[in-house]
Amino acid sequence: MDLLLNIAVGVTSQKTMKLLPASRRRATQKVIVIGDHDGVVTCFGIKKGEAMPVFKTLPGQRITRLELGGALNTPQEKIFVATGSEVRGFTKRGKQFLSFETNLTENIKAMHISGADLFLCASYIYNHYCDCKDQHYYLSGDKINDILCLPVEKLSCIRPILACQDRILRVLQGSDLLYEVEVSGPPTVLALNNGNGGDSGEELLFGTSDGKVGLIQVSSASPVHKWEIRNEKKRGGILCIDNFDILGDGVKELLVGRDDGMLEIYNFDSTNEPVLRYDHALSESITSIQGGCVGKDGYDEILASTYSGWVTGLTTEPVHREGGPGEELKISQEMQNKISSLRNELEHLQIKVLQEREKYQQSSRSSTALSAVPAFSVNDKFTLNKDDASYSLILEVQTAIDNVLVQSDVPIDLLDVDKNSAVVSFSGCDSEVSTNSNFLLATYRCQANTTRLELKIRSIEGQYGTLQAYVTPRIQPKTCQLCQYQIKPLSLHQRTHFIDHDRPMNTLMLKGHFSFAEIHSWVVFCLPEVPEKTPIDDSVTFYFQNTFLDTQLESTYSKGEGFFKSDNISTISILKDVLSKEATKRKINLNISYDINEVSVNHTLKLIHPKLEYQLLLAKKVQLIDALKELQVHEGNMDFLIPEYRCILEEADNLLEEYKKQPAHLERLYGMITDLFIDKFKFKGTNVKTKVPLLLEILDSYDQNALIAFFDAAA
């Protein structure tokens, strides 16, 4: 597939670009409509590969969603945009026919339209309107990322589905919850399979923030999971999905847009399982994707809009023509004219930029000059990766990034990211100064035209504070924007749907004169992925899994009491210390009791064992590489080496790369075992810190049985 066009508008949100349906007179769709953060709806057509404006609205509030609608079973060519708490409607010629101010107190985050039915969602609230009259309402337990309604024409009933941050799809009936569907990651986008829900009208596609795509049949009784695409290549999260027959085989392919700029096309094998057929990398996150016939009859295209407002088209029309042997590459007159036109436009823009820059410099030197700080948007994402127990910090700016300064007041490790081309430099930190403690100061200097930067960090549980990123783009005058992220006390824990109740569990019990909202705020402070809004029920239970050690935590609390169960005694110790501190801040007396299960300590050591053994072996192999290479050079070959050493030399590059990707991994495991040892005896009222050097000696000559025996004998 070749690049068809590049058109720029303002910064865009997810699902804000659509292709208007083709008219009856011609097969090509020709017309694209897009809404941006400036509140402008831009509609343009494509004529001879050039974008021709159809209409453009005046600026206003940020447009968060754009959908096409119309009467059922007719072409969907009316344009609806969500801006603030208002929904506006435009005809395909740009005439506004609707301005509906909803009763939502928050901005609209997600929207779906089906005939006269309008489905809107704010952060936690769902509203259903029919002919702009309020019909149904639902308060979700966690943030709503997207909404969709199964096709009414096929089901003869209204069945809305909410994609919620707590890894759940909530299927509604009126104002009531019909049932919940658990999915493997936080769902960020929903789409109807084949664009119509499949033969049954019940087939629903979903994409998650950790890069998975799945298909579920949402029946009236229970869901059926059909398939799921795992994110084995560790690509970005899913922002948009569409179905279109780009291969021309009569079967619609699956089009996927990711937040790392990857555009993917999947077709289906004989068992209806998706197979990756084609991918293309863009430099920014893809906010919307559509398939259609835009440029030339007979050649299908895929259109994608990116975060900074570029609309990019990929066409199946062959643009490059190969010349035979001895022949020069021939470019059509049409292409020559297009290249000439682009060069003229580029020269004109360069002259205009120089003129405006000179004008600014002159005005800034005048006595009446006013300093104006240029505004710019930062699209950021701070998420925990289950696979390697690290946090990904993604920073995306509408213009090129000059540098990013990263500062942390808690100990964290910066990990290597393959896709990151920025040059990093570290500054010395004076962590002894309690008033201004810096444990990390690092500067990432970006190459020209870098608009997206991805960082990876690993935190230590029990150490909590703030990570700050100062983002400076390449704009004049120089300005920067501060982004802050909380490193929580139990930062490596992730929400899960199930835990193993047969594990040996330690229990922490709290009782006191505190409200449900207060204890919920403490849990939000301690653990990631807990909704900030206080649950509407009288009590709530959350399950968590430690992504580093695979230990688990069950948290159940209500007004005046809380119960926390974990198979890791260190988790209970951290919770006890932090919750006591938070209650003391609010002058609330807590009655704290605990039930420690001695078996859980050996259980946790057995969970750590394979990880520790692997890291010790890896470290040992890496230490041998240099010596083995010297021997190889001296002897001229490696035939004399035993198979184990030959294998180390053959895999040297891979071993070094893996070791480099996991700095301080072994030290972390040592630290966790040390904490486990101290915490075990802390609950007994014994201080064993003097025995830590002996513990470290045992770890250096590690043997699992010797370690367990040391833990038992220390009593």
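What you are looking at is a predicted structure, and each value in this text was computed from that prediction instead of being measured. (Residues numbered from 1 in each chain as written. Predicted model: local features only at pLDDT ≥ 70, side-chain atom pairs only at ≥ 80, totals over all residues. Heavy atoms only, no water.)

**So, the overall build of the protein**
Here's step 1: Counting its secondary structure elements, the protein contains 10 helices and 43 strands.
Here's step 2: In summary, the protein has a C-alpha radius of gyration of 29 Å against a globular reference of 27 Å for 715 residues, a match within 12%.
Here's step 3: Its C-alpha atoms put the protein at 85 × 75 × 75 Å along the principal axes.
Here's step 4: Within the protein, the fraction of its 715 residues that count as buried is 51%.
Here's step 5: Put simply, 57% of the contacts in the protein that link residues at least 6 apart link residues at least 24 apart.
Here's step 6: Distance between charge centroids for the protein: 6 Å, based on 76 positive and 94 negative side chains. (Helix = DSSP H or I, 4+ residues; strand = E, 2+ residues; numbered from the N terminus. Rg over C-alpha atoms; globule rule 2.2 N^0.38 Å. Buried < 20%, exposed > 50% of the residue type's maximum accessible area, 1.4 Å probe, protein only. Contact = heavy atoms within 4.5 Å. Lys, Arg positive; Asp, Glu negative; His and termini not counted. Charge placed at Lys NZ, Arg CZ, Asp CG, Glu CD.)

**What to know about the sheet that holds strand β29 (residues 378-385)**
Here's step 1: Strand order across the open sheet formed by four strands is β29-β30-β35-β32, with antiparallel pairing between neighbours. The open sheet terminates on both sides in strands that have one partner only, identified here as β29 and β32 (412-415). Direction aside, the axes of adjacent strands within the sheet are offset by 25° on average.
Here's step 2: With eight bridges joining them, β29 and strand β30 (residues 390-397) adopt antiparallel strand pairing. (Pairing = 2+ DSSP bridges. Axes fitted to C-alpha atoms, helices over the stretch in contact; angles between N-to-C directions.)

**Points about the pairing of strand β17 (residues 176-182)**
Here's step 1: As defined by bridge partners, strand β16 (residues 168-173) adjoins β17 across six bridges and the pair is classed as antiparallel. The residue bridging I168 from the neighbouring strand is E182, located in β17.
Here's step 2: Between β16 and β17, which follow one another and run antiparallel, lie two residues, and G174 among them has a positive phi close to 65°.

**Describing the packing of aromatic side chains**
A ring pair, where both rings are aromatic, is described by two values, the distance of the centres and the angle of the planes.
Here's step 1: Scanning the model with the defined rule gives 15 aromatic pairs in all.
Here's step 2: For the ring pair F80 and F97, a centre distance of 5.7 Å and an interplane angle of 85° mean the geometry is edge-to-face. On the criterion of sequence distance, the pair formed by F80 in strand β7 (residues 78-83) and F97 in strand β9 (residues 96-101) is long-range, its members being 17 residues apart.
Here's step 3: Given a relative accessible area of 38%, F97 falls into the partly exposed group.
Here's step 4: Taking the centre distance of 6.4 Å and the plane angle of 50° together, the rings of F542 and Y557 count as tilted. A residue pair is termed long-range when its members are at least 10 positions apart, and F542 in strand β40 (residues 539-546) and Y557 in strand β41 (residues 552-558) qualify at 15 residues.
Here's step 5: Of the residues examined, F542 reaches a relative accessible area of 7% and is grouped as buried.
Here's step 6: We classify Y557 as buried; its relative accessible area is 1%.
Here's step 7: The positively charged end of K533 is found above the aromatic ring belonging to Y124, 5.9 Å away from the centroid. (Phe/Tyr/Trp six-rings, centres within 6.5 Å; stacked < 30°, edge-to-face > 60°. Lys NZ or Arg CZ within 6 Å of the ring centre and 35° of its normal.)

**Re empty space enclosed by the protein**
To find the voids left in a structure, one rolls a probe of water-molecule size over its atoms.
Here's step 1: Here the structure, examined in full by the defined rule, presents one cavity of 30 Å³ or more.
Here's step 2: Lining the largest cavity, in full, are L617, K620, K621, L624, E644 and I648.
Here's step 3: Put simply, the parts of the chain that give the lining of the largest cavity at least two residues each are α5 (599-635) and α6 (643-650).
Here's step 4: If one sorts the elements of the lining of the largest cavity by residue count, α5 sits on top with four residues. (1 Å grid on protein atoms, 1.4 Å probe; cavity = no way out; pocket = protein on both sides within 12 Å on 5 of 7 lines; lining within 4 Å. Points joined across faces, edges and corners; volume = space filled by probe spheres on them.)

**Points about the sheet that holds strand β10 (residues 110-114)**
Here's step 1: On the basis of which strands lie adjacent, the open sheet formed by four strands has the order β10-β11-β12-β13 and antiparallel pairing. Edge positions in the sheet fall to β10 and β13 (133-139), since each has one partner strand and no second. Taking the axes of each pair of neighbouring strands and ignoring which way they run, one obtains an average angle of 15° across the sheet.
Here's step 2: The sheet contact formed by strand β12 (residues 125-130) and β13 spans six bridges and is antiparallel. Bridge assignment links Y129 to a residue of β13, and that residue is D134.

**What to know about the side chain of T42**
Here's step 1: Among the structural elements, T42 can be located in strand β4 (residues 41-47).
Here's step 2: For T42, a relative accessible area of 11% gives the class buried.
Here's step 3: What T42 contacts, discounting residues up to four positions off in sequence, is V9, I32, V33, I34, F55 and K56.

**Topic: the packing of helix α8 (residues 665-682) against helix α9 (residues 692-700)**
Here's step 1: It is the contact of α8 with α9, at a shortest axis distance of 11 Å, that shows an interaxial angle of 135°. What the angle tells us is that α8 and α9 run oblique. Relative to α9, the crossing made by α8 is right-handed. For the pair formed by α8 and α9, the contact residues are Y670, I673, T674, F677 and I678 on the first element and V692, L695, L696, L699 and D700 on the second. (Parallel < 35°, antiparallel > 145°, perpendicular 65-115°, else oblique. Left-handed = near helix turned anticlockwise from the far one by under 90°.)

Read these as layout, nothing more, since geometry by itself doesn't imply function.
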